[in-house]
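Observations on chain architecture
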Amino acid sequence: QVQLVESGGGLVQPGGSLRLSCAVSGIIFSINGMGWYRQAPGKERELVARITSGGSINYADSVKGRFTISGDNAKSTVYLQMNSLKPEDTAVYYCQKVSAYGTDYWGKGTLVTVSS
């Protein structure tokens, strides 16, 4: 079955960096249709960054210039490089895949905590 497994979360000080990884299995991998979302305590899940089926990249306004989504087809992995982290970036980060048929797949998430 399709599995998405996130890793790379942790505790980081404000201004620091983290790189999240999402390993995808059980489906022919394409970076198109991949995305990162996050959910902070008491808030709804929100889009962080995604690559559309057409290959366009979208970022939330709050992370533009700080976060970068990328992928490695050979490793079936998508990354989220997060720089200049802020306390408001604290959340559980989820990886999403939208298949060519429009099916959503989600990982279980990885916690990012930005705190001094």
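The sections below set out a description of the structure shown in this document. (Residues numbered from 1 in each chain as written. Predicted model: local features only at pLDDT ≥ 70, side-chain atom pairs only at ≥ 80, totals over all residues. Heavy atoms only, no water.)

1. Topic: the packing of aromatic side chains
Applying the stated criterion across every chain yields a total of one aromatic pair. Measuring from centroid to centroid gives 5.1 Å for tyrosine 37 and tryptophan 106, while their planes differ by 65 degrees, and the two rings are edge-to-face. Taken as a pair, tyrosine 37 in strand β4 (residues 34-39) and tryptophan 106 in strand β10 (residues 104-106) lie far apart in primary sequence, 69 residues in all. Tryptophan 106 gets classed as partly exposed once you look at its relative accessible area, which sits at 33%. The aromatic ring of tyrosine 94 is capped on one face by arginine 45, whose charged end is 3.8 Å from the ring centroid. Here the basic side chain of arginine 45 rests over the ring of tryptophan 106, its NZ or CZ set 4.7 Å away from the ring centre. (Phe/Tyr/Trp six-rings, centres within 6.5 Å; stacked < 30°, edge-to-face > 60°. Helix = DSSP H or I, 4+ residues; strand = E, 2+ residues; numbered from the N terminus. Buried < 20%, exposed > 50% of the residue type's maximum accessible area, 1.4 Å probe, protein only. Lys NZ or Arg CZ within 6 Å of the ring centre and 35° of its normal.)

2. With respect to the state of the cysteines
The final tally for this structure, using the stated rule, is one disulfide. Each sulfur in the disulfide pair cysteine 22 and cysteine 95 lies 2.1 Å from the other. A torsion of -85 degrees about the S-S bond marks the disulfide between cysteine 22 and cysteine 95 as left-handed. Residue cysteine 22 is located in strand β3 (residues 18-25), and its partner cysteine 95 is located in strand β9 (residues 91-98); the two are separated by 73 residues in the primary sequence. Cysteine 95 carries the same exposure label as cysteine 22, and that label is buried. (Disulfide = S-S within 2.5 Å.)

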